[in-house]
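# Chains, contacts and geometry: an overview
Here is how the chains run, residue by residue.
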Amino acid sequence: MAPMDFTSRQPLIPSFLYSLRGVVVPSPDPGNPTAAVAGKEIDVGERIVVPAPSEPWKKIELYSPEFYAACTVGGILSCGLTHTAVTPLDLVKCNMQIDPVKYKSISSGFGVLFKEQGVRGFFRGWVPTLLGYSAQGACKFGFYEFFKKYYADLAGPENAAKYKTLIYLAGSASAEVIADVALCPFEAVKVRVQTQPGFARGLSDGLPKFIKSEGALGLYKGLVPLWGHTMMKFASFETIVELLYKHAIPKPKNECSKSLQLGVSFAGGYIAGVFCAIVSHPADNLVSFLNNAKGATVGDAVKKMGLMGLFTRGLPLRIVMIGTLTGAQWGIYDAFKVFVGLPTTGGPAPLPAEKA
């Protein structure tokens, strides 16, 4: 079969959506911004492939099945590991939301847990946390990359560049619907295990007990409040990273070291996480409340917690937790992308095209 000619194909997605300008393929000559693969120069009009640094003979083609698979694995690592690591914080946060009289503050919350359950109590619910957020991360990051390109292709290069924030929001919203369906059953069991001592030891006995009590549909009663979290996280991250490269970094992204780029990813993720924590906190309180009590409704939550309580109960701890989590997630995700030879996420918008 004759080799396919990609030179006539113009990619519809703007390069800045994937930070391709100047960093697509490592150049043999650091002083030459035009990269070469197999002796052939590559310009923006060609199909782009990126060699993996650990296996130079292999190449990951952007937007190929291998590319989305790599993004999916990166998402599993970034979300599964980070959420499991902060299980103690999450456990205190959930209990502060459910029983603020007993768990008055972060420090007293840890004290109560340690006194009643010992050190092992700090990691109660870690299995549904690991499995649930690994599944969510796989769908969230993998489908975000897919839908981001899909919607940019539909919009065309000019509209995608003009309405890039809408592209980010649409891509993240589509990915979030799928990701939260994967997460919701695990989250329901996790909250019940963490906030009701004696309900179950973990996922293996907690899941069948939950289904017996409330039915399979009961696992998804916290689904709607979960939506909205990822949209803020992804759209704000892309915008913040672009602003950091534009105003805070003294040189173009393609001239920055990989360690500096990963530092920007962490900083952008942390700031985005703070915004995300504030905006989505009422929904997080609802999820904890609905999954804690059988037959609970949104109206019951508002009546018991009050409108102000929905917005503020447990918020300081959640800001710290989600800011750190999101920064670490983007750092791990982009570190994995760099490991397999892909560019980091986000970056400056392209320079305006010169008029003829």
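Attention here is on the structure that accompanies the text.

Reading the values: the criteria
- Residues numbered from 1 in each chain as written.
- Predicted model: local features only at pLDDT ≥ 70, side-chain atom pairs only at ≥ 80, totals over all residues.
- Heavy atoms only, no water.
- Helix = DSSP H or I, 4+ residues; strand = E, 2+ residues; numbered from the N terminus.
- Buried < 20%, exposed > 50% of the residue type's maximum accessible area, 1.4 Å probe, protein only.
- Contact = heavy atoms within 4.5 Å.
- Areas by Shrake-Rupley, 256 points an atom, 1.4 Å probe, with all protein chains shown as cover.
- Salt bridge = Lys/Arg side-chain N within 4 Å of Asp/Glu carboxyl O.

Moving on, we get to the overall build of the protein chain. Helix and strand content of the protein chain: twelve helices and four strands. Considering the protein chain as a whole, with its 356 residues, one finds that 50% of them fall into the buried category. Taking all contacts inside the protein chain whose residues are at least 6 apart in sequence as the whole, residues at least 24 apart take part in 76%. When the accessible area of the protein chain is evaluated, it comes to approximately 16800 Å², of which 68% is carbon and sulfur surface.

Moving on to the side chain of Asn 291. The topology assignment puts Asn 291 in helix H10 (residues 258–292). Classification of Asn 291 as buried rests on a relative accessible area of 1%. Residues contacting Asn 291, with those up to four places away along its chain left out, are Glu 187, Ala 188, Val 191, Arg 192, Phe 210, Lys 221 and Gly 222.

What follows covers the pattern of salt bridges. Think of it this way: side chains of opposite charge can pair up when their charged atoms draw near. Applying the stated criterion to the full structure yields 13 salt bridges. The partner of Asp 90 in a salt bridge is Lys 93, and the shortest N-O contact between them spans 3.3 Å. Of this pair, Asp 90 and Lys 93 are both found in helix H2 (residues 87–98), three residues apart, which corresponds to roughly one turn of the helix. On the accessibility criterion, Asp 90 (10% relative accessible area) is buried. On the accessibility criterion, Lys 93 (3% relative accessible area) is buried. Across the salt bridge formed by Lys 149 and Asp 153, the nearest N and O atoms sit 2.7 Å from each other. Of the two residues, Lys 149 and Asp 153 are both situated in helix H4 (residues 126–155); the distance of four residues between them amounts to about one turn of the helix. By sharing partners, the salt bridges in this structure join Asp 90, Lys 93, Glu 187, Lys 190, Asp 284 and Arg 318 into a single network.

Such coordinate-based values are descriptive only and should not be taken to indicate function.
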